[in-house]
Every structure is written in C-alpha cells, then in structure tokens.
Amino acid sequence: MTFEADATLAVRALAAYLARARAGQGPVLEQPPLAELAGRLEVARHLAEGGLTGPALGAWLERYLEATTRLHHPGYYAHQVAAPAPSGAIGALVDGLTNNPGAIYEMGPAAATIEFVVVNWLLGKVGWRAPALPPAPPGDEVDGQPVGGGALTHGGSLANLTALLAARARVDPAAWQAGGRRDLVVLAPAAAHYSVSRAVGIMGLGQRALVAAPADADGRLLPDRLPAALRALADEGRSVLAVVANACSTALGLYDPLREVGALCREQGLWLHVDGAHGASALLSPALRGRLDGLELADSLTWDAHKLLQAPTLCAAVLVRDHRALDAAFRQDASYLFHDKEAPGFDFMPRTVECTKAALGLRLFLVAAAGGERALATHVERQVALATTAAALLARQPGFEVAAAPESNIVCFRVEGSDALQLELRRRLLAGGRHHVSSAEARGRRWLRLALMSPATDLAELRRLAAAVQAAWAEARAAGW
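All of these numbers come straight from a predicted model, not from anything done at the bench.

Colleague: Can you explain the side chain of Arg 414? Please cite residues and give values.
Modeller: Residue position: Arg 414 is located in strand S11 (residues 410–415). Side-chain polar atoms of Arg 414 contact the side chain of Asp 419, separated by 3.1 Å. Here the side chain of Arg 414 touches Arg 446 through a polar contact of 2.6 Å, landing on its backbone oxygen. Leaving out residues up to four positions away in the same chain, Arg 414 has contacts with Gly 399, Phe 400, Glu 401, Asp 419, Gln 422, Arg 445, Arg 446 and Trp 447.

Here it is as structure tokens:
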C-alpha cells in the first residue's frame, strides 16, 4: 500500500469521526480498562507481526477512534485542551512526514521561518517590539525600547521553566557554571499552575523557594500587599528571582491585576513573569484584551496556542520583552551545531530546552491563515461569552452555587453538599458518557469545573448539562449521599 492510499483511509476515518463528534453522536468519552482496550486494539500482535496497512489499517483506525475522547463533541468541557481546527491538524501531518526540526535553521528553513514570524506576531499582540527578520541583526534597542524575542515550546510547562531560567540569568548570571544562589525565591500566588512549582524544583531551588504571594479569596494577587511581602523577604535575607502573575488562573479562570503588579515590579527592578498559557489569547480580541491591561510591563509571558487558539497540541510560546534575557538563559557547547557559519536564518535552539523540536509554528500558522485573526478572536469571544451564559444558567438552578463571575471560558460551580459529593457527581456524569466535566479546588472547597473549549457546545447543551447534574444529584441522594 502506498502512503497516499493509507493517508486517504486515515483522512476519511478522521473526517467521519469529526462529523460525528461535532454532531454529538456517541459518547464524549468512555474509559474501558486498559488491558481490555489493549486487546481490542491488538497492540501486542501488531507490534510483533506488522501488516497494519490498507483495509486492515482502516478497520483498526475505526476501533482506535471509538476509544478516543471526542474534544469536538458538544459535551466536552473538561480540560483546557483545544478542539483543534482541522487546518492545524494538516500542519501536524505535514510536520510528521517532513520531520524537519525547527530549532536549527539548516534542518528546517521553512519551519524556522514560520516560527520566527509567528513569534513576532505574538510579540506585537503583547505590545513588545519584534526583531527584524534574519539575516538582518535583531538589534538590542530601538528608540530606547528593548527588542523582544521568544520561541515556541512543547507546552506551557516548558515555557514557564524557560522564562524562569531567563529571569535567573539576569538575577544570578553565574548560576549556570557555579550553581544557583540559595537566597533566591519565586513569589507566586497559590493559584499559580503547578508547572511553576515544578520549574522551581527542576532549577534546584527547592520548594522552600516558592513563596505564596498575597492574594484575595479568589486567588488574585493583591498589589497593595506585595510591598510588605517583599520587605519581609528582604528582612529574611532572601532575594526575589521573579514574581509570577496569572492571566488567567487555572481553577477559576481569573486575571491578576497586571498593571498594578507590573508597575511595582518595574519600580523595584523585579522580573515579572505572566503565565498567560490559557488567558493570553484574549489579546486578539479588542473587546477582551483589556483583561490583560499592563501586560506590556512584564518581562516574560507564557502563551499556549493549543488552548484557545485551536492549534493541535503541543504549541506554546515563551516570549520576553528583551531578547537578550532569553538568549542568556542557556549555555551550550556542541561543536556539531555551534560554530562559525553562514547564517541566512535563525537557530532557535539556544533559546529552548529542546534540540529536536517539531515545526510547532506550522500548526498555529495554518489555523490562523485559514480564517485570519478575526476568526481566532471571534472564537475566543464566543467561548468567553458562553461561560457568562453558563454561569447565569447554573446560578439559577435550585441548590447550585457558582464560584465567581467568569472572566474567561472557565466556570466553577457546585451543588449543596460535601466536597466528596461533587466528586461523586462528576463520577456519575463521566459514567454516563455524555458530559465531560472536570473539578478543581478554590476558596477551600471542591467545585465542578467547565472549560468551554468546543465550538459545538451551545446553550442547549448547557441546559442538558444542568438537567444531568440535577438528575445525578437526585440519584446520589437516593443512594444515601
């Protein structure tokens, strides 16, 4: 069988899968035991014998797709992973076959070019100055303003780690050779994504170096209490490596007051990193970008395109206001890569953890190029508006409580009862297969959580969800909950 024939089989299977998922046909998810599913997919046999091509491949793909979680389904609203646009999936297919690492220009000129221009586009949305296109030198400053920079990474966790490494390079430039200073701390709200804590651990700072920043009951940073927190750290002989702010928080989807926090960090010479993995996509919308007011005062930003920009996973960006900071984050010596050579393009590898890196920019570029910026903004606006609608609908249900007015596409709610009851309701909803919800802790309690990602989710679906929660609650009460 030829590649073209097998690819045609795969595209037909995927097109049918996509149509069924968007129409809400079949369950949004089912979770058979792993051993059962491995047998159904005959994984061991195919590994040993091969032959999975032609009609056999087509039949196998049908079984595989039956066991996938349908992110394009109207009942999918559990996690912050995009229902990817088909145009972006084409980018992943092209990248998969061409296999051009995007971190070294000579290994993937087209991939690196797309990434460079896409990163510049994102920098412009933040309000930072983009560098000139290679082979022109980027320059360090223009009109007194630093020239920004960035790179695409396999996920926001790597982007957050890279941003904090850039911050450390500025605060503790000897760390790469001599090891890091033991007095450094990262000041972040308790609502920060767990990848910030992981980054602190990976950097060898230890979890004691992650200090909770003052925040309100909803987890938002409190700028007026930051000076006292900073003085207390100074009195303890500790120095701030970076302040981290959320745009938006993972649990409740709320934005920190970036302008106030940014102004304070500028005044005190502190590095401000904004984790905008989920919420930075509001920058594309004139109606919503005010939620990130003051972002231009930050030093670095994480922005995931595989969330609200509908790119296939993974495609995240780490962006910095001054490219020199990111260029100092790593030190490397590899004679087969780093040596004097003609440079018609740009090598991203000195800015990233990854060497062999997928053509991530192609995924986002093809999504954006299919509909343009306005289409991306419209999608973000729709999902955020849907969250407001969902919150109002759920708040009207007897015995329901909504945690906070939505600022993004995330809604947390609960019914009267214990935290254990909320998890029991989630278990019952998942077992039904129609409604895929997640849960989170906020305000000291457990909530059911919606991340409204699928364009197929609408008001009718939200009404079905509310009815399903009521029914599950009644069943749980009847069972003794």
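Moving on, there is more to tell.
Colleague: Describe in detail the sheet that holds S11, supporting the description with residues and values.
Modeller: Spatially, the 4 strands line up as an open sheet ordered S10-S11-S13-S12, and their pairing is antiparallel. Each edge of the sheet is formed by a strand with only one pairing partner; in this case those strands are strand S10 (400–402) and strand S12 (438–442). Adjacent strand axes in the sheet meet at a mean angle of 40° when their direction is disregarded. Pairing of S12 with strand S13 (residues 445–451), which is carried by 5 bridges, proceeds in the antiparallel orientation. Across the sheet, the residue bridging to Ala 440 is Trp 447, located in S13. Where helix H13 (residues 360–395) meets the sheet, its contacts fall on S10, S11 and S13, and the angle it forms with S11 comes to roughly 10°. The sheet strands contacting helix H15 (residues 459–478) are S10, S11 and S13, and the helix crosses S10 at an angle near 130°.

Colleague: Can you tell me about unusual backbone geometry, naming the residues and giving the values?
Modeller: Going from Pro 134 to Pro 135, the amide bond is cis rather than trans, its omega being 10°. For Pro 135, the location among the structural elements is in the loop between helix H6 (109–126) and strand S1 (141–142). Between Thr 313 and Leu 314 the backbone carries a cis peptide bond, its omega angle lying at -10°. Positive phi outside glycine occurs at Glu 42, with the angle close to 50°. Among the secondary structure elements, Glu 42 is positioned in the loop between helix H2 (34–40) and helix H3 (43–49). Judged by relative accessible area, which is 27%, Glu 42 ranks as partly exposed. One non-glycine residue, Asp 143, lies in the positive phi region at around 55°. Residue placement: Asp 143 occurs in the loop between S1 and strand S2 (145–146). Taking the relative accessible area as the measure of exposure, Asp 143 reaches 72% and is therefore exposed.

So, how was this worked out
- Residues numbered from 1 in each chain as written.
- Predicted model: local features only at pLDDT ≥ 70, side-chain atom pairs only at ≥ 80, totals over all residues.
- Heavy atoms only, no water.
- Helix = DSSP H or I, 4+ residues; strand = E, 2+ residues; numbered from the N terminus.
- Polar contact = N/O pair within 3.5 Å; in protein donor to acceptor, adjacent residues only side chain to side chain.
- Contact = heavy atoms within 4.5 Å.
- Pairing = 2+ DSSP bridges.
- Axes fitted to C-alpha atoms, helices over the stretch in contact; angles between N-to-C directions.
- Buried < 20%, exposed > 50% of the residue type's maximum accessible area, 1.4 Å probe, protein only.

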